[in-house]
Amino acid sequence: MKHKGSWFYLAFLFGVSCVFSQVAPDCVNAVPICNNTPVNGGTLDFGVDDFYGVQMTGCLEATTTGAIESNSAWYRFRTGASGQLGFNIGFDTSEDWDFALYKTSDCNALGDPVRCNFFDNKDEDAFIGVGEDPTGDLSNVQYEEWLQVEPGEDYYLLINNFSNSNSGFSIQFSGNIFVTNPYDALDCSIISNLLGPPIAACENDIVTLDATLGTAITYDWYQDNGLGFQPIVGQHNAVLQVTTSGTYRANVGMPDGSTVISDVQVFYSTLPVAFPLTDDASCSGATSYDLSQKDIEVLGTQNPSEFIVSYHDTMADAANGIDVLPKTLAIGSGSRTIYARVTSIDNPKCYDASQYFQLTNLESPVMDFDTEVYLCDQQLSVVIGESLPPDSNYTYLWDSGETTSSLEVSQEGTYTVTATNSIGGLTCSDVRTIEVVKSITPVITDVLIDDLQTNNTVTVLTNVTSDVEFQLDDGDFQASNVFLDVLPGLHRVTVADRNGCGTLTEQITVVGFPKFFTPNGDGRNDYWQIVGISELENPVVNIYDRFGKLVKQLDETHTGWDGRYNGRPLPSTDYWFELSYIDSSGQRMNAKYVNNHFSIKR
């Protein structure tokens, strides 16, 4: 829906000459308004002190001038209906403006303001006012609560600026009252100016100025474009149609020779164009959708500093400029139609609300697989990605160019896959990165058995030290390779790769023996024996000298070796032994990982 039409302002009869002013610095001369005002030329000074030396009114305090006002403008309006009423005061974002609104019909009895705002414009907002910021910025602290009005209420509005250099402002009325009462929300009977209040028009509008007075005999029209009033050649009728901005003057000649002079400002704002919007998707998992990303699309090449983009749930809301959706929109289920409105920042009646788009809450792809995969040293390849049949709505793309849901790889490294769900031209994607790591199958390189005690310590050494876990017999797997309080006898040691690259189990024999003995007949340490072989089946211990000659054979019935060979003492030196036993399959086995070296000391 795009604004388009003609403007017509009825002249109000009066019998005295007057000059209309667009900005009045004093309350008694407040400019009466009943619709939006165009951007004026700004304010300078404050005329008389409308507060008679009082240092505070509502939120406003005395300024450096010693008075509450510094560079002020006064307006007044009267309500014509009941409902929700607000207004926006628009200005350059680099400037700082304040306002106070008084519910009164008498400048000498202003009382306390019913709405007031004194916050500085450190956030460089473009509006202050009552109701809601038309840009949809809910964080703008320069806005006060809506007014709930009844017909016939009079209000005076003070707008003030600290700086002597300002570029002016506009006033734009808002609220549901203009939906329920679009033509009489405000009472225009307070306008005594022959040509009516200031006129904010839209590009291509035709504004009709009517200076008709019943007994008038002549009409002369003038226009001021900044160089003073110049006569409009050939325009001598009571009605003038204008299509350009400027201040217009009507000089109306009366039969008694007097002249009625009336001025009115007409300001044209550019009529925006809403460009077509493409449908979009909000992917599942997201809690909100950023509507501002559509601004550049609906604005096209238009300057974003000159227009406001708002979004609404219905075409009617967009046309009326009400119930603006927050730019950070909470996500719901299913599809939702969003209507866009592009509005002139100078004049909210200049808008285009013809475009909309469909926002669909589209399911994001769900990829359920390991993102760390191990390639065992004995494997040629491994499959990564989806293991189950893929969703038919999904497409896949690997960084290597393949389009399958899974991929067979033979090299370690990083692999990335993108899954996309596409429905009706809308897409949602999910990206996963998979690390393929080479994992080495562990090998037991040694088992260290410490001490001669009944409860021994077993330490398992492997070719790798990371990503392995250890188990003794049927106990739990543990990260440590050390087992404490191990009883003598046969045990199983298992080493497992945590990444699934295999396990290795070996049988060990836990026994204890002295590292030396002293067979000198003193009754102390005269015999060498192995502790714990009684736990084995048919154990046999063969003892050899350093040349490999068998010098003694022991079994579980022997008390030990006395260091003699054929009754003759052997010399002090090193000896080796070998322990064997019958395993569970009935085969004789040599015990592994037994430290088989000891000495005789005499």
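Structure's up top.
Residues numbered from 1 in each chain as written. Predicted model: local features only at pLDDT ≥ 70, side-chain atom pairs only at ≥ 80, totals over all residues. Heavy atoms only, no water.

1. Things to note about the overall build of the chain
Okay, so step 1: In terms of helices and strands, the chain carries three helices and 46 strands.
Okay, so step 2: For 602 residues, the compact-globule estimate of 2.2 N^0.38 gives 25 Å, and the chain exceeds it by more than 25% at 48 Å.
Okay, so step 3: Seen through its principal axes, the chain has C-alpha atoms that stretch 165 × 60 × 40 Å.
Okay, so step 4: A burial count over the chain gives 47% of its 602 residues as buried.
Okay, so step 5: Restricting the contact set of the chain to residue pairs at least 6 apart, pairs at least 24 apart contribute 64%. (Helix = DSSP H or I, 4+ residues; strand = E, 2+ residues; numbered from the N terminus. Rg over C-alpha atoms; globule rule 2.2 N^0.38 Å. Buried < 20%, exposed > 50% of the residue type's maximum accessible area, 1.4 Å probe, protein only. Contact = heavy atoms within 4.5 Å.)

2. A word on the sheet that holds strand 34 (residues 456-462)
Okay, so step 1: If you trace the three strands from one edge of the open sheet to the other, you get 33-34-36, paired in antiparallel fashion. A single partner strand is all that each edge strand has here, and the edge strands are strand 33 (444-450) and strand 36 (482-486). Each strand of the sheet is rotated relative to its neighbour by a mean of 20°, with strand direction disregarded.
Okay, so step 2: Taken together, the three bridges between strand 34 and strand 36 define a ladder with antiparallel strand orientation. Its bridge partner being in strand 36, Asn 456 is matched across the sheet by Val 486. (Pairing = 2+ DSSP bridges. Axes fitted to C-alpha atoms, helices over the stretch in contact; angles between N-to-C directions.)

3. Let's talk about the sheet that holds strand 2 (residues 31-32)
Okay, so step 1: Read from one edge to the other, the open sheet built from five strands follows the order 2-5-12-7-8, with strand pairing classed as mixed. Sheet topology places strand 2 and strand 8 (115-117) at the edges, where each strand pairs with a single neighbour.
Okay, so step 2: Pairing between strand 7 (residues 97-103) and strand 8: three bridges, direction antiparallel. Each bridged residue has a counterpart across the sheet, and for Leu 101 the counterpart in strand 8 is Arg 115.

4. Concerning the packing of aromatic side chains
Okay, so step 1: Scanning the entire structure with this criterion turns up 21 aromatic pairs.
Okay, so step 2: The side chain of Arg 341 reaches across the aromatic face of Tyr 351, ending 4.0 Å from its centre.
Okay, so step 3: The ring of Phe 513 carries Lys 515 above its face, with NZ or CZ at 4.7 Å from the centroid. (Phe/Tyr/Trp six-rings, centres within 6.5 Å; stacked < 30°, edge-to-face > 60°. Lys NZ or Arg CZ within 6 Å of the ring centre and 35° of its normal.)

5. A closer look at the side chain of Thr 441
Okay, so step 1: Of note, Thr 441 is situated in the loop between strand 32 (426-439) and strand 33.
Okay, so step 2: Using a relative accessible area of 18% as the deciding quantity, one classes Thr 441 as buried.
Okay, so step 3: Among the polar contacts listed, one links the side chain of Thr 441 to the side chain of Asp 377, at a separation of 3.0 Å.
Okay, so step 4: There is a polar contact of 2.9 Å between the side chain of Thr 441 and the backbone oxygen of Cys 501. (Polar contact = N/O pair within 3.5 Å; in protein donor to acceptor, adjacent residues only side chain to side chain.)

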